[in-house]
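Descriptive structure summary
Each chain, written out:
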Amino acid sequence: QVQLVESGGGLVQPGGSLRLSCAASGSIFSINAMGWYRQAPGKQRELVASITSAGVTNYADSVKGRFTISRVNGKNTRLYLQMNILKPEDTAVYYCNADSPIYGLGSEGAYWGQGTQVTVSS
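In this report, the structure presented in the accompanying data block is examined.

Inspection of the entire model under this criterion finds five salt bridges. Here Glu-46 and Arg-38 are joined by a salt bridge, their closest N and O atoms 2.7 Å apart. Judged by relative accessible area, which is 35%, Glu-46 ranks as partly exposed. Look at Arg-38 and you get buried, because its relative accessible area is 6%. Asp-61 serves as the salt-bridge partner of Lys-64, at 3.1 Å between the closest nitrogen and oxygen. Residues participating in the shared-partner salt-bridge network are Arg-38, Glu-46, Arg-66 and Asp-90.

Rendered as structure tokens:
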């Protein structure tokens, strides 16, 4: 089992920045890919960015050039999301996600954090 705990959400004005963190614990040796997903009210959950254990990244078109995903591997595995030039449409609950040997990234059976709220508003 893997436990994921997010932190760093909050209220920010348009054009501002936030940094999300996700601490992983438990059977972290089983993790390959990790990612950030978000879900806005009335919308489906969507991939924001992902990163493999080798450092290969992938971003949603809507955040390219504004968000940066990074990761620290090892005993204290951490996942980060640096969010710059935030827009009101970035408002959502952001979830940390990790794959497992059985379930791929983003699947219901993969590991999920509890979510952290990001609100972009003036």
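Having put the structure on the table, let's press on.
In this section: the nonpolar core. The biggest cluster of nonpolar side chains holds 31 residues, and the ones touching the most others in it are Leu-4, Trp-36, Leu-81, Met-83 and Tyr-94. Elements with a minimum of two residues in this core: β1 (2-7), β3 (18-26), β4 (34-39), β5 (46-51), β7 (67-72), β8 (78-83), β9 (92-98) and β11 (116-120). The contacts of Leu-81, once residues within four sequence positions are left out, are Leu-18, Arg-19, Leu-20, Trp-36, Val-48, Ala-49, Phe-67, Thr-68, Ile-69 and Tyr-94.

Across five bridges, β4 lies against β5 in antiparallel orientation. By the bridge assignment for β5, Arg-38 is matched with Glu-46. Where β4 hands over to β5, the hairpin turn is made up of six residues, of which Gly-42 adopts a positive phi near 80 degrees. Bridge count between β5 and strand β6 (residues 57-59): three bridges; the pairing is antiparallel. Bridged to Ser-50 within β6 is Asn-58.

Moving on, we come to the pairing of β7. Alternating residues of β7 divide into Phe-67, Ile-69 and Arg-71, all buried, and Thr-68, Ser-70 and Val-72, none buried. Pairing analysis gives six bridges linking β7 to β8, with the strands arranged antiparallel. Within the sheet, the bridge partner assigned to Phe-67 lies in β8 and is Met-83. In sequence, β7 turns back onto β8 through a hairpin of five residues, with Gly-74 there showing a positive phi of about 110 degrees.

Per the stated rule, a full pass over the model turns up two aromatic pairs. Here Tyr-37 and Trp-112 contribute two aromatic rings whose centre-to-centre distance is 5.2 Å and whose plane-to-plane angle is 65 degrees, an arrangement assigned as edge-to-face. In this pair, Tyr-37 sits in strand β4 while Trp-112 sits in strand β10 (residues 111-112), placing the two residues 75 residues apart along the sequence. Summarising the burial analysis for this pair, Tyr-37 and Trp-112 share the class buried. Between Tyr-95 and Trp-112, the aromatic rings sit 6.4 Å apart at their centres with planes inclined by 85 degrees, giving edge-to-face as the arrangement. Of the two residues, Tyr-95 is situated in strand β9 and Trp-112 in strand β10; the sequence distance between them amounts to 17 residues.

The rules behind each value
- Residues numbered from 1 in each chain as written.
- Predicted model: local features only at pLDDT ≥ 70, side-chain atom pairs only at ≥ 80, totals over all residues.
- Heavy atoms only, no water.
- Salt bridge = Lys/Arg side-chain N within 4 Å of Asp/Glu carboxyl O.
- Buried < 20%, exposed > 50% of the residue type's maximum accessible area, 1.4 Å probe, protein only.
- Core = buried A, V, L, I, M, F, W, Y, C linked by side-chain atoms within 4.5 Å.
- Helix = DSSP H or I, 4+ residues; strand = E, 2+ residues; numbered from the N terminus.
- Contact = heavy atoms within 4.5 Å.
- Pairing = 2+ DSSP bridges.
- Phe/Tyr/Trp six-rings, centres within 6.5 Å; stacked < 30°, edge-to-face > 60°.

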